[in-house]
Amino acid sequence: MTGECKIVSGSLLREVAALLKGEPELYVVYDENVAWVAGEVEKAVPVKGAWSLKTSEELKTLETVQALCRKLMKADASRKAFLLAVGGGITTDVTGFTAAIYKRGIRYANLPTTLLAQVDAAIGGKTGVNLDGYKNMLGAFRMPEFTFLCEEVLRTLPPREFRAGKAEMLKTFLLGDAKAYEKALTAKEWQPLIQRAAEIKADVVRQDPEEHGIRAKLNLGHTFGHAIEHEAQERGESIHHGEAVAMGIILAARLAERRGLAQKGLEARIRADFKAAGLPTECPYPLETLAQAMEKDKKAAGGRVKWILPLAPGQVEMEEMTVKEAMDDLR
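For clarity, every value in this text was computed on a predicted model and none was experimentally measured.

1. Quick notes on the packing of helix α1 (residues 12-20) against helix α2 (residues 35-44)
Okay, so step 1: In contact at an axis separation of 9 Å, α1 and α2 are set at 55° when each is read in the N-to-C sense. With respect to α2, the axis of α1 lies oblique. Taken as a pair, α1 and α2 cross one another with a handedness that is right-handed. Contact with α1, carried on its side by L12, L13, V16 and A17, involves V37, E40, V41, K43 and A44 of α2 and no other residues of that element.
Okay, so step 2: When its residues are assigned to classes, the contact of α1 with α2 shows seven nonpolar, no polar and two charged.

So, in structure tokens, the structure goes:
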């Protein structure tokens, strides 16, 4: 996988037609909730097949990927086939993983339709599915040909989904752009901030496409966040990925303060900022119940976890420690 991470933005019909013109084997995989976007794509360019997905963390599985591969086989899709993912992070993850393994790899691109996917999930070539309730345990690095950012597709996004996307945007600015973080707290115009967040992530990915170093900082809030998501799924409760990341960032800020790394009051400041943005700020589960999931997190190695800790807006640091050491500091 190369480090190229192409971000394109513009009008849905005009730009998609230009990007996909001449593709002889174009297939579209779309979230059934945004069928209208897939319909617009089909108006713009010839499509050999279009398949809808029911999207949930419970259905983000290898079985879903196998079903897509069977559809491609039935359609006689060759190694020249091109997959276009239309939807949120689950759709882009599942479609990207399908592209990574079908006939040892075919090309694909992302047309993300959620704010969270536009600023994070659809950028960078991480693809994957869940296993036994644990996030993205099966996957591959497979860079999309492009990720297309389109303001039009966000107009029908439910408010809760938009707020969850803001959590990932704020995360990106916390680790890379203090001024943009401040602007995002009171923004009325979102498109420039979406573009900025996407550019920050794309730049990090170009430097470290397969997460051997600097790319790990994009996991700010995710070690705690994935554990929160896992516990919610076990209990049959609804916590969005972005909401879990928001709570995870606050816990990471607390850990950074307890270890004497962050400026005093950082946790309280982030908590107030996120609350004003309409995001949840209190983890509903005891930390002890999250520990097992964090130990199984795919980022853990040899019993130690690389924790990404915020020091101040625009600055983070990586600290390696066991889950037990982190829990001891947080008690």
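2. Comments concerning the pairing of strand β10 (residues 304-312)
Okay, so step 1: The buried count for β10 comes to seven of nine residues, which makes it a mostly enclosed element.
Okay, so step 2: Alignment of β10 against strand β11 (residues 315-321), held across seven bridges, turns out to be antiparallel. What sits directly across from P310, in β11, is V316.
Okay, so step 3: In this antiparallel pair of consecutive strands, β10 and β11, the connection spans two residues, and G314 shows a positive phi of 90°.

3. Some words on the pairing of strand β2 (residues 26-31)
Okay, so step 1: Taking burial as the measure, the six residues of β2 include six buried ones, the bulk of the element.
Okay, so step 2: Neither face of β2 is left uncovered, since the one carrying L26, V28 and Y30 and the one carrying Y27, V29 and D31 both have all their residues buried.
Okay, so step 3: The sheet contact formed by β2 and strand β3 (residues 49-53) spans five bridges and is parallel. Bridge assignment links V28 to a residue of β3, and that residue is A50.
Okay, so step 4: Assessed by its sense of winding, the connection that carries the chain from β2 through α2 to β3 is right-handed.

4. Some remarks on the packing of aromatic side chains
Geometrically, a pair of aromatic rings is defined through the distance of the ring centres and the angle of the planes.
Okay, so step 1: Counted by the stated rule, this structure contains three aromatic pairs.
Okay, so step 2: Aromatic side chains Y27 and W51 sit 5.4 Å apart centroid to centroid with 15° between the ring planes, which places their arrangement in the stacked category. With Y27 in strand β2 and W51 in strand β3, this residue pair connects regions lying 24 residues apart in the sequence.
Okay, so step 3: When its relative accessible area of 0% is taken as the criterion, Y27 is described as buried.
Okay, so step 4: On the basis of an interplanar angle of 50° and a centroid distance of 5.2 Å, the ring pair of F224 and W307 is categorised as tilted. Of the two residues, F224 sits in helix α9 (residues 222-235) while W307 sits in strand β10, which places them 83 residues apart along the sequence. Residue F224 shares its accessibility class with W307, and that shared class is buried.

Quick notes on the rules
What you see as residue numbers is a count from 1 along each chain, following the sequence as written. Per-residue local features are limited, in this predicted model, to residues with pLDDT of at least 70; the limit for side-chain atom pairs, both in listing and counting, is 80 or more; totals at the level of whole chains, interfaces and linings are taken over all residues. The basis for every side-chain value is the complete set of non-hydrogen atoms in the structure, without hydrogens or water. For helices, the fitted axis covers only the stretch in contact; all axes are lines through C-alpha atoms, and the angles between them, taken along N-to-C directions, range from 0 to 180 degrees. In this text, helices come from DSSP runs of H or I with a minimum length of four residues, and strands from runs of E with a minimum of two, each type numbered from the N-terminal end. An angle counts as roughly parallel when it lies under 35 degrees, as roughly antiparallel when it exceeds 145, as roughly perpendicular when it falls between 65 and 115, and as oblique in every other case. A clockwise turn of the near helix away from the far one marks a right-handed crossing, whereas an anticlockwise turn of less than a right angle marks a left-handed crossing. Whether two residues are in contact is decided by their heavy atoms, any of which lying within 4.5 Å being enough. Polar here means any residue other than Ala, Val, Leu, Ile, Met, Phe, Trp, Tyr, Cys and Pro, which are nonpolar, and Asp, Glu, Lys and Arg, which are charged; Gly is therefore polar. When a residue's accessible area, from a 1.4 Å probe over protein chains only, is under 20% of the maximum for its type it is buried; when over 50% it is exposed; and in between it is partly exposed. Between any two strands, at least two bridges found by DSSP are needed for them to pair. A crossover counts as right-handed when, viewed with the strands pointing away from the observer, the path leading from the first strand over the helix to the second turns clockwise. Think of it this way: a Phe, Tyr or Trp ring, Trp meaning its six-membered ring, pairs with another when their centres are within 6.5 Å, and the plane angle makes it stacked under 30 degrees, edge-to-face over 60, tilted otherwise.

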